[in-house]
Amino acid sequence: MSQQASQTDRPSGRQRRGRRRTVPVAAALAVGVLALGALVAPAASAAPGPDTLQRSLDALVHTDGVPAALASVTDRSGRTRTYTAGVGDVVTGSPVPADGQVRIGSNTKTFTAVVVLQLAAEHRLRLDAPVDRYLPGLLRGDGIDGRCITVRQLLQHTSGLPNYTDYLDDDIRPYQPRELVDLALRHKAEFAPGTSWAYSNTNYILAGMIIEKVTGRTVAEQIDRRIIQPLGLRHTSFPAPGDATIREAHPHGYYQESAGGPLHDITEMDPSWAWAAGQMISTNSDLNRFFTALLRGDLLPPAQLAQMRTTVPAESTFGPGARYGLGLASIPLSCGGVYWGHGGSIPGYETRGGVTETGRAANVAVTVQPTDEAGLKHLTAVVDRALCP
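In what follows, the accompanying structure is described. (Residues numbered from 1 in each chain as written. Predicted model: local features only at pLDDT ≥ 70, side-chain atom pairs only at ≥ 80, totals over all residues. Heavy atoms only, no water.)

Once that is clear, we can look at the overall build of the chain. Each helix and strand counted, the chain has 10 helices and 17 strands in total. Residues classed as buried in the chain amount to 59% of the 389 residues present. Per element, the accessible surface of the chain, about 14,300 Å² overall, is 50% carbon and sulfur. (Helix = DSSP H or I, 4+ residues; strand = E, 2+ residues; numbered from the N terminus. Buried < 20%, exposed > 50% of the residue type's maximum accessible area, 1.4 Å probe, protein only. Areas by Shrake-Rupley, 256 points an atom, 1.4 Å probe, with all protein chains shown as cover.)

Here's what the structure looks like:
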């Protein structure tokens with residue numbers, strides 16, 4: 001689930017098991033901790049347009065070796081085009097479902113942040129209140145004190161809390177949020193709150209716990225009632241506890257140890273270890289609708305949207321010139337300006353995309369996490385092509 005790859009951390013060498021397969025834990029919830037270099041410019045000979053984007057997806061399959069690539073592009077008038085390349089199942093060779101469902105990893109963080117900001121707008125919590133106000137006594141550890149960490153610092157990754165996904169073991173099983181926080185608390189703080197920036201999934205587990213404490217309802221219920229239903233995101237869901245399936249048409253997701261290595265089907269997996277940091281399922285088109293509505297002001301009052309878009313440098317995770325607000329990143333475009341989105345990386349799927357200031361939206365997904373920096377650059381460049389027609 002990753003950070004600009006749902007992106008929280010890229011493979012650290014630690015392994016975890018999923019449905020009889022072994023996959024790296026850290027790769028599960030990331031947004032692209034592989035530092036991204038400059039965007040790869042579109043080929044000079046290729047004229048901008050739908051054919052160029054299709055060729056770009058084909059290249060991800062034939063050159064980078066991803067089993068499948070999917071894209072959805074929505075222009076400023078609301079017209080949407082979808083694209084696919086590759087196969088939906090490497091065993092049967094079945095076609096890729098158009099706009100199929102995928103696990104969206106750390107894109108979940110933006111949904112979680114929206115709910116927190118809605119609660120702030122309703123005066124049910126304060127962004128600059130300490131975490132201890134809502135979860136008294138929970139955060140105590142080496143350099144860690146919940147009386148000194150604010151809700152805002154959780155959403156902006158400036159808390160200094162260790163990233164629990166760095167320490168998950170090989171046992172994929174149902175997890176409770178408190179277990180994940182306790183795992184992080186066994187380790188020393190990365191830095192004093194508010195003094196630096198570092199992507200940590202622990203922040204969003206705590207944000208989810210605060211949502212549940214304040215509302216008395218589950219994170220899944222709050223995201224569904226406040227975002228999914230109002231926007232009509234018919235193909236978006238927060239899986240129920242223990243649900244390892246993807247219920248609608250979807251391409252299979254795969255884990256690959258290294259470039260050219262064997263592909264292991266990791267489609268079915270209990271994602272409770274990701275929870276409010278990366279558990280959700282959606283489609284590229286639903287993500288376009290979500291990010292467009294968010295940036296248009298349909299989900300938050302102006303004051304809270306402005307706070308969400310108030311950013312700090314986040315280049316270590318999202319690449320050169322990138323910045324991070326409250327569950328939302330701004331990424332530079334080769335054609336000028338930026339796009340706003342998040343991205344997600346979880347075993348089996350990698351998603352990237354967002355919305356430009358002019359309202360053009362694009363999301364791209366592949367069915368294996370890139371194993372090297374070059375693969376991530378190529379995926380990011382496809383998003384850039386889609387948003388710079």
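Here the narrative resumes, following the displayed structure.
Right, let's talk about unusual backbone geometry for a bit. Positive phi is not limited to glycine here, since His123 has a value of about 60°. Among the structural elements, His123 can be located in the loop between helix H2 (108-121) and strand S6 (140-141).

This next bit is on the nonpolar core. As a rule of thumb, soluble globular proteins bury nonpolar side chains together. Among the nonpolar cores identified, the biggest contains 107 residues, and Leu139, Phe290 and Leu294 are the most heavily contacted of them. The contact partners of Leu294, leaving out residues within four places of it in the chain, are Thr110, Val114, Leu299, Leu300, Leu305, Met308 and Leu328. (Core = buried A, V, L, I, M, F, W, Y, C linked by side-chain atoms within 4.5 Å. Contact = heavy atoms within 4.5 Å.)

Turning to the state of the cysteines, a few remarks are in order. Two cysteines whose sulfur atoms are joined by a covalent bond form what is called a disulfide. On inspection of all chains with the given rule, the structure shows one disulfide. Two residues share a disulfide in this structure: Cys335 and Cys388, whose sulfurs sit 1.9 Å from each other. On the sign convention where negative means left-handed, the S-S torsion of about -65° between Cys335 and Cys388 marks this disulfide as left-handed. Remark: Cys388 occurs in the segment after helix H10 (373-387) and Cys335 occurs in the loop between strand S13 (329-332) and strand S14 (338-341); sequence separation between them is 53 residues. (Disulfide = S-S within 2.5 Å.)

On to the pairing of strand S17 (residues 361-366). Across the six residues of S17, six count as buried, placing the element largely inside the fold. Alternating positions in S17 separate into two faces, Ala361, Asn363 and Ala365 on one and Ala362, Val364 and Val366 on the other, with burial throughout. Bridge analysis of strand S3 (residues 68-74) against S17 gives six bridges, and the strand direction is antiparallel. Paired with Ser72 across the bridge in S17 is Asn363. (Pairing = 2+ DSSP bridges.)

Let's shift gears to a nonpolar patch on the surface. Side chains of Val90, Val91 and Leu263 sit close together on the surface and give an oily, nonpolar patch of about 260 Å² of accessible area. For Leu263, the location among the structural elements is in strand S9 (residues 263-265). On the accessibility criterion, Leu263 (30% relative accessible area) is partly exposed. (Patch = residues over 30% accessible without salt bridge, like charges linked within 9 Å, V, L, I, M, F, W, Y side chains within 5 Å. Salt bridge = Lys/Arg side-chain N within 4 Å of Asp/Glu carboxyl O.)

Here we take up the environment of His342. Mapped onto the elements of the fold, His342 is located in the loop between S14 and strand S15 (344-346). For His342, a relative accessible area of 2% corresponds to the buried category. C-alpha separation for the pair His342 and Phe291, spaced 51 residues apart in sequence, amounts to 9.3 Å. Among the polar contacts listed, one links the side chain of His342 to the backbone oxygen of Ser106, at a separation of 3.3 Å. (Polar contact = N/O pair within 3.5 Å; in protein donor to acceptor, adjacent residues only side chain to side chain.)

Take the pairing of S13 next. Within a regular beta strand, the side chains point alternately toward one face of the sheet and then the other, so they alternate between its two faces. Bridge count for strand S12 (residues 323-324) against S13 is two bridges, and the pairing is antiparallel. The partner of Arg323 across the bridge, within S13, is Ser330. Linking two consecutive strands that pair antiparallel, namely S12 and S13, is a turn of four residues; a positive phi of about 75° is found at Gly327 within it. Hairpin connection of S13 to S14: five residues between the antiparallel strands, including Gly336 at a positive phi of 100°.

This paragraph deals with the packing of aromatic side chains. Evaluation of the coordinates by the stated rule reveals eight aromatic pairs. Here the basic side chain of Arg173 rests over the ring of Tyr175, its NZ or CZ set 4.0 Å away from the ring centre. (Phe/Tyr/Trp six-rings, centres within 6.5 Å; stacked < 30°, edge-to-face > 60°. Lys NZ or Arg CZ within 6 Å of the ring centre and 35° of its normal.)

Let's shift gears to the packing of H2 against helix H7 (residues 284-296). With their axes 12 Å apart at the nearest point, H2 and H7 run at an angle of 35° to one another. Seen from above, H2 lies across H7 with left-handed handedness. For the pair H2 and H7, the contacting residues are Thr110, Phe111 and Val114 in the first and Leu287, Phe290, Phe291 and Leu294 in the second. Considered class by class, the residues forming the contact of H2 with H7 number six nonpolar, one polar and no charged. (Axes fitted to C-alpha atoms, helices over the stretch in contact; angles between N-to-C directions. Left-handed = near helix turned anticlockwise from the far one by under 90°. Nonpolar A, V, L, I, M, F, W, Y, C, P; charged D, E, K, R; others polar.)

Spatial relationships are all this shows, so hold off on functional conclusions.
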